[in-house]
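Structural features, examined
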Amino acid sequence: IPTLHDFFNNLLKERFYPALSSLFPGILQNSDDELCVQSSYIFKYTPTSGSKTDIHTDSSLLSFTLLLSPPEDFKGGGTYFECLGKSGQVLDMKRGDVTFRPAGLRHAGYPVTEGVRYVIGGFVTMSGKGGCEHVRQLLNRANSALLQKDPQQCQALLKLALKLNPRYWDLYMTQGQCLRELGDLEGALRSYQQAFMGNGRNSDAAFMVGSVNVELKKDDEAWDWFEIARDLNPHDGEAYYRMALLASRKSLQPSTIEKTLLQKCLELDPKHVDAHTNLGVYYGEVEQNTKQEVACYERALDIEPTNADAEQNAKAAYYQLGVAMYKTQHFEECLEAWKRLLELDPHEEKVKQMYHALNDKWKERKRQMEGGSGNS
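Read on for a plain summary of the structure. In this text the structure is predicted, and so the values were computed from the model without any measurement.

Another aspect to go through is the overall build of the protein. What the protein contains, in helices and strands, is 14 helices and nine strands. Here the C-alpha atoms of the protein give a radius of gyration of 28 Å, more than 25% beyond the 21 Å that 2.2 N^0.38 yields for 376 residues. Summarising its shape, the C-alpha atoms of the protein cover approximately 100 × 55 × 40 Å along the three principal directions. Evaluated residue by residue, the protein yields a buried proportion of 44% over its 376 residues. When the accessible surface of the protein is split by element, carbon and sulfur atoms take 50% of a total near 20900 Å².

Have a look at this one:
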């Protein structure tokens, strides 16, 4: 829309850029630098499209949010800032209010529960040879090269970008991913550590340092970094899951640490299939609670019916549950367990024979019981 585009550009030059220069003095490092919006969007948030976003940082230099809707048009929503108060805060905004922030400031979007909320979100960088725009474009090209499975081209572009601006910390995150693709785990580890050194609140960088340490079989170091990632972002279910895997390998005491971590992961991410599956393994191997084990596998398969690990574990658990029920003469529960197993794998001939033999005997026994009851 040309008219709207011209209006917005004028608004940026006359109001936004002067405000940003005043709020963040010294940001223009060279005389040929000037602020520019690298991308801007009109966002529409509703109860169906406005789900909560995790805590994150932006890849620009500065960011802004301009509220277009009057507050009475919606409920919920808003931007949560981790740095405000002991437990963070969602800022109240009126129509026409705008928030400016450094892109490295950790924030999250809260879900709209009712109505419609419109905002303009913008991501600001610097043009000019000494600014960040050239670096950002090189980073975008490097990420595209990674998507195209060309890590050598990605690495070449990153070297150019780092030469222009070695303090553009997102470069090190992409470099870490690139070096992992090239099989250089030690180099990837150094890149992720550099990203974290540049922004000590980057939970993603801490998480990746932990992940690479796992690949290097340095479990103690991995545990420490996953703890850092979890502490920086307590809503990161994946950090709890990775710690649970390490807990099972490290045989930590008490053994319930693994269970607690998996349950916390599922509290944050109820659809985490691997967490459901591993919790099932825990119930089966540690607590010998086959019913709970089966329930975990069932939940995993409800979420992802084609999950091979959950299916294989579920088959074994259904079999063991059936055996346990048979030994205690709970024949209907035994038949139900084996029936569920055969629904997963109709070709289990041994179980099929056991199921039909027991089913015939159980039907005959029920007929006898019913007949005996009738004669009395």
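Moving on to the packing of aromatic side chains. Under the defined criterion, the tally for this structure stands at 13 aromatic pairs. Both rings, one in Tyr319 and one in Trp338, keep their centres 6.5 Å apart while their planes meet at 25°; by these two values the pair is stacked. You can see Tyr319 sitting in helix α12 (residues 308-327) and its partner Trp338 sitting in helix α13 (residues 331-344), a full 19 residues away along the chain. For Tyr319, a relative accessible area of 25% gives the class partly exposed.

Here the focus is the pattern of salt bridges. Applying the stated criterion across every chain yields a total of 15 salt bridges. Residues Arg101 and Asp58 are paired through a salt bridge, measuring 3.5 Å at the closest nitrogen-oxygen approach. Within this pair, whereas Arg101 is found in strand β6 (residues 98-102), its partner Asp58 is found in the loop between β1 (34-45) and β2 (62-67), the two being separated by 43 residues in sequence. The pair Arg101 / Asp58 is uniform in exposure class, with both members buried. Measuring nitrogen to oxygen at the nearest pair gives 3.9 Å for the salt bridge that ties Lys75 to Glu114. With Lys75 in strand β3 (residues 74-76) and Glu114 in strand β8 (residues 112-115), this residue pair connects regions lying 39 residues apart in the sequence. It is possible to trace a salt-bridge network through shared partners that takes in Glu227, Arg230 and Asp231.

Turning to the sheet that holds strand β4 (residues 79-81), a few remarks are in order. Taking strand neighbours across the sheet as the criterion, the three strands line up as β5-β4-β7 in an open arrangement whose pairing is antiparallel. One side of each edge strand has no neighbouring strand; the edge strands of this open sheet are β5 (89-90) and β7 (107-109). Of the strand pairs in this sheet, β4 and β7 are connected by three bridges, and their pairing is antiparallel. Residue pairing across strands places Thr79 opposite Gly109, the latter belonging to β7.

With that out of the way, let us pick up the packing of helix α8 (residues 237-250) against helix α9 (residues 256-268). Where α8 contacts α9, the two axes come as close as 8 Å, and the packing angle between them is 160°. The orientation of α8 with respect to α9, classified from their angle, is roughly antiparallel. In this structure, α8 meets α9 at a crossing whose hand is left-handed. For the pair α8 and α9, the contacting residues are Gly237, Tyr240, Tyr241, Met243, Ala244, Ala247 and Ser248 in the first and Ile257, Glu258, Leu261, Leu262, Lys264, Cys265 and Leu268 in the second. Looking at side-chain class alone, the contact of α8 with α9 contains 10 nonpolar, two polar and two charged residues.

Time to look at helix α10 (residues 273-285). Between its first and last C-alpha, α10 extends 18 Å over 13 residues, near the 18 Å set by a 1.5 Å rise per residue. Among all positions of α10, only Val273, Ala275, His276, Thr277, Leu279, Gly280, Tyr282 and Tyr283 are buried. For α10, the elements touching its buried residues are α8, α9, α11 (290-303) and α12.

Below, the discussion takes up the side chain of Thr277. Looking at where Thr277 falls in the secondary structure, it is placed in helix α10. Assessed through its relative accessible area of 5%, Thr277 is described here as buried.

Below, the discussion takes up the state of the cysteines. Overall, the coordinates contain zero disulfides when judged by the stated rule. Residue Cys154 stays outside any disulfide, its sulfur separated by 3.7 Å from that of Cys178, the closest cysteine.

Counting 50 residues, the largest nonpolar core has Cys154, Leu158, Leu171, Tyr192 and Leu261 as the members making the most contacts within it. In terms of residues, this core owes the most to one element, α8, which gives seven residues. Beyond its immediate sequence surroundings of up to four residues, Leu261 is in contact with Trp223, Tyr240, Met243, Ala244 and Ala247. Core analysis: the next-biggest nonpolar cluster, separate from the first, contains 22 residues, Ala314, Leu341, Leu342 and Tyr355 among them.

Thresholds applied
Residues numbered from 1 in each chain as written. Predicted model: local features only at pLDDT ≥ 70, side-chain atom pairs only at ≥ 80, totals over all residues. Heavy atoms only, no water. Helix = DSSP H or I, 4+ residues; strand = E, 2+ residues; numbered from the N terminus. Rg over C-alpha atoms; globule rule 2.2 N^0.38 Å. Buried < 20%, exposed > 50% of the residue type's maximum accessible area, 1.4 Å probe, protein only. Areas by Shrake-Rupley, 256 points an atom, 1.4 Å probe, with all protein chains shown as cover. Phe/Tyr/Trp six-rings, centres within 6.5 Å; stacked < 30°, edge-to-face > 60°. Salt bridge = Lys/Arg side-chain N within 4 Å of Asp/Glu carboxyl O. Pairing = 2+ DSSP bridges. Axes fitted to C-alpha atoms, helices over the stretch in contact; angles between N-to-C directions. Parallel < 35°, antiparallel > 145°, perpendicular 65-115°, else oblique. Left-handed = near helix turned anticlockwise from the far one by under 90°. Contact = heavy atoms within 4.5 Å. Nonpolar A, V, L, I, M, F, W, Y, C, P; charged D, E, K, R; others polar. Expected span 1.5 Å × (residues − 1). Disulfide = S-S within 2.5 Å. Core = buried A, V, L, I, M, F, W, Y, C linked by side-chain atoms within 4.5 Å.

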